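# Working through the structure, step by step
Here is how the chains run, residue by residue.
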Amino acid sequence: MIKNYLKRTTEEKWALGHFNFSEDDALRAIAQAAFNLKAPILVGTSEGERKHIGLKQAVNLVKAFREEFGIPIFLNADHHKSFDAVKEAVDAGYDAILADFSALPFEENVKMTKQSVEYAKSKNPDIIIEGELGYMRGESKLQKEIIEIKSEDLTKPEEAGRFVRETGVDMLAPAVGNIHGIAANAPNIDFQRIGDIKKAVGSEVYLVLHGGSGMSESDFKNAIEAGISMIHINTEIRVAFTEALRKTLEEMPEETTPYKILTPSIEAMKKVIEEKLRIFGSVSKL
Ligand SMILES: [Zn+2]
């Protein structure tokens, strides 16, 4: 169960890795990397990614990899932004859901998140629900511009405490200076704030750091030390996939066999994922 691993992350000071996929080869790369390093892992699909691969396909492919490799691979519905989307993922058998109503005012966010928690737990008592509070800028790609974070974007510890108590979420994604994707400027993480939020939400609620792409090794280590239990990486594996693919197509212009064209991309993603899992300290944590 994810809960057991989450509990261990805080006790043993490491973090679970969360990697996104929208097709079978990215999932294969993530699953193989986790298997190689004996790491429990989460794989996620945003609403867009889920639409590409298919809801049932995502659930059943993850199940197939779990059986093939015999390791815990959990499927998360990443940034699901409507109750209908949440409900569909719960009903399809996802293990975890990020019910992301952070764009709404605080009270509305509480209301929609609480409704998601109640529905999900009534269907599957073991499901893990994450809420989001604060404003995270950026999107999962390489961004040429500088992304400036304003202090009012950041999650306030006292609001975080109220939010988790009123919604009943298991995990919280705070805005602590992190951004989605990779921007021209390096992220400036407020580690003190992570610690304060962790204190406010209590030991039973776990913190998730989004936008891990582009962060340094010391950023990750300090974030884990401050109370982060899970780290999301998407853009860096997208970039690894695409760069390898461009290179392959250029080097082998005559090649038409899809699996031959895609193998270097799988290897490139695997390399990034293994590197991150080592930094997160989730190696040999089965
Ligand atoms: Zn995210």
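Notes on the structure in this doc start here. (Residues numbered from 1 in each chain as written. Predicted model: local features only at pLDDT ≥ 70, side-chain atom pairs only at ≥ 80, totals over all residues. Heavy atoms only, no water.)

## A few points about unusual backbone geometry
Despite not being glycine, lysine 13 shows a phi value in the positive range, around 55°. Position of lysine 13 among the secondary structure elements: in the loop between α1 (2–12) and β1 (16–20). Notably, serine 284 is not glycine yet its phi reads approximately 55°, a positive angle. One can find serine 284 in the segment after α11 (258–280). When its relative accessible area of 51% is taken as the criterion, serine 284 is described as exposed. (Helix = DSSP H or I, 4+ residues; strand = E, 2+ residues; numbered from the N terminus. Buried < 20%, exposed > 50% of the residue type's maximum accessible area, 1.4 Å probe, protein only.)

## Here we look at the pattern of salt bridges
Within this structure, the stated rule accounts for 21 salt bridges. Across the pair lysine 3 and aspartate 170 runs a salt bridge, and its minimum N-O distance is 3.1 Å. In this pair, lysine 3 sits in helix α1 while aspartate 170 sits in the loop between α7 (157–167) and β7 (171–174), placing the two residues 167 residues apart along the sequence. A relative accessible area of 30% places lysine 3 in the partly exposed class. Judged by its relative accessible area of 5%, aspartate 170 falls in the buried class. Across the pair aspartate 91 and lysine 87 runs a salt bridge whose closest N-O atoms are separated by 3.4 Å. Placement of the pair is aspartate 91 and lysine 87 together in helix α5 (residues 83–92), with a separation of 4 residues, close to one helical turn. Classification of lysine 87 as partly exposed rests on a relative accessible area of 30%. (Salt bridge = Lys/Arg side-chain N within 4 Å of Asp/Glu carboxyl O.)

Read these as layout, nothing more, since geometry by itself doesn't imply function.
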